[in-house]
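Notes for the structure review
Here is how the chains run, residue by residue.
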Amino acid sequence: MKKIVTIGMVGNGRATELHMEAYSYVRGVTLRYKSITSAHSETAKRGQERYGYEQTVSSIDEMCADPEIDVIDICSPPYTHDEYVIKALEAGKYVICEKPLSGFFGRGGDAQPVGKTVSKAEMYAEVMKNLDRINEVVKRHPGKFMYAENFIYAPAIQKAAEIIRKKKSRILCMKGEESLKGSSSPVAGEWSKTGGGTFTRTGSHPL
């Protein structure tokens, strides 16, 4: 096993804070925080100072081109996820991506607001295309893809999935409940950045 794992971090919001806390629990390997980037250079600089990254870089492309970086951790807004996951995997990196993985962000020519003017069936079809595209890249490249949604690793969820697989059952009912005061993301209310309304933004937690 490699004893030093070098991290590149994309973003410096609440998700980055949570991921950095999670890294503090890693045992058995040494984590090297090399590069951090964000949409604004001053935000990346704050992240560098807070978490101890060695440098800031201007884009994920610099991380992808850096042979020392093993893992690219994507904590940027959802509208960037598809592109960044694919770029990082194609560069041979391991990838961690914050939830939600994808969404419908609107297409050129869609009337605004897309949440009221585009049918949910069209949105669903587009999201499935996005996921299929990511899945194809995951299959082709050796880097491991890791989706940062803790619920899917919870024992109760894992057991439910095992039962469904073994019994080949259909899901007849699914219910999730969560109470949130609101998102800390500055783009939370923008459909074009988050890929959906509140059910996508907060519903990705229990789902």
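Above this text is the structure in question.
Since we're looking at a predicted model, the values are computed, not measured.

Before going further, it helps to spend a moment on the side chain of Glu98. Secondary-structure assignment places Glu98 in strand β5 (residues 94-98). Contact partners of Glu98, with chain neighbours within four places excluded, come to Ala15, His19, Ile74, Cys75, His81, Tyr147 and Ala148.

So, about the pairing of strand β1 (residues 4-10). Here β1 lies mainly inside the structure; six of its seven residues are buried. Bridge analysis of β1 against strand β2 (residues 30-37) gives seven bridges, and the strand direction is parallel. Bridge pairing in β2 places Ile7 opposite Tyr33. Handedness of the crossover joining β1 and β2 through helix α1 (residues 14-23) is recorded here as right-handed. Here four bridges tie β1 to strand β4 (residues 71-74), and the two strands are oriented parallel to one another. Bridging across to β4, Gly8 finds its partner in Ile72.

With an omega dihedral of -15°, the bond running from Lys99 to Pro100 counts as a cis peptide bond. Looking at the element boundaries, Pro100 is found in the loop between β5 and α5 (114-117). Put simply, Gln112 and Pro113 share a cis peptide bond, and its omega is -10°. Mapping Pro113 onto the fold places it in the loop between β5 and α5.

To continue, consider the environment of Leu31. With respect to the secondary-structure elements, Leu31 resides in strand β2. Ignoring any residue separated from it by four or fewer positions in sequence, one finds Leu31 in contact with Val5, Tyr23 and Val26.

Thr43, Ala44, Gly47, Gln48 and Tyr51 are the residues of helix α2 (residues 41-51) that are buried. End-on view of α2: buried residues confined to an arc of 145°, all on one side of the axis. In this structure, α2 carries Ser41, Glu49 and Arg50 as exposed residues pointing more than 90 degrees from its buried face. Where α2 ends, the next residue or the one after it, Gly52, has phi of about 85°, a positive value.

Quick look at α1 now. What α1 keeps buried is the set Ala15, Thr16, His19, Met20 and Tyr23. The arc enclosing the buried residues of α1, seen along the axis, measures out at 135°, which places them on a common side.

Our focus in this paragraph is the sheet that holds β1. Ordered by their spatial adjacency, six strands build an open sheet running β3-β2-β1-β4-β5-β6, and the pairing between neighbours is parallel. Edge positions in the open sheet fall to β3 (55-56) and β6 (145-148), since each of these has one partner strand only. Sheet topology note: the β5/β6 ladder contains four bridges and is parallel. Bridge pairing in β6 places Val95 opposite Phe145. Packing of α1 onto the sheet brings it into contact with β1, β2, β4, β5 and β6, and relative to β1 it is tilted by some 170°.

Further remarks concern the nonpolar core. Among the nonpolar cores identified, the biggest contains 18 residues, and Val10, Ile60, Met63, Ile72, Ile74, Val85 and Val95 are the most heavily contacted of them. For this core, the secondary-structure elements that each account for two or more residues are α3 (60-64), β4, α4 (81-90), β5 and α6 (120-140). Looking at this core, the element that brings in the most residues is α4, giving five residues. Core analysis: the next-biggest nonpolar cluster, separate from the first, contains 14 residues, Ile7, Ile36, Cys75 and Ile96 among them.

For the pair α4 and α6, interaxial distance at closest approach is 9 Å and the crossing angle is 10°. The orientation of α4 with respect to α6, classified from their angle, is roughly parallel. Judged by residue contacts, Asp82, Val85, Ile86, Leu89 and Glu90 of α4 engage Asn130, Arg133, Ile134, Val137, Val138 and Arg140 from α6. Taken together, the residues of the contact of α4 with α6 sort by class into six nonpolar, one polar and four charged.

Conventions used here
Residues numbered from 1 in each chain as written. Predicted model: local features only at pLDDT ≥ 70, side-chain atom pairs only at ≥ 80, totals over all residues. Heavy atoms only, no water. Helix = DSSP H or I, 4+ residues; strand = E, 2+ residues; numbered from the N terminus. Contact = heavy atoms within 4.5 Å. Buried < 20%, exposed > 50% of the residue type's maximum accessible area, 1.4 Å probe, protein only. Pairing = 2+ DSSP bridges. Right-handed = clockwise from strand over helix to strand, strands pointing away. Arc of directions from axis to C-beta. Axes fitted to C-alpha atoms, helices over the stretch in contact; angles between N-to-C directions. Core = buried A, V, L, I, M, F, W, Y, C linked by side-chain atoms within 4.5 Å. Parallel < 35°, antiparallel > 145°, perpendicular 65-115°, else oblique. Nonpolar A, V, L, I, M, F, W, Y, C, P; charged D, E, K, R; others polar.

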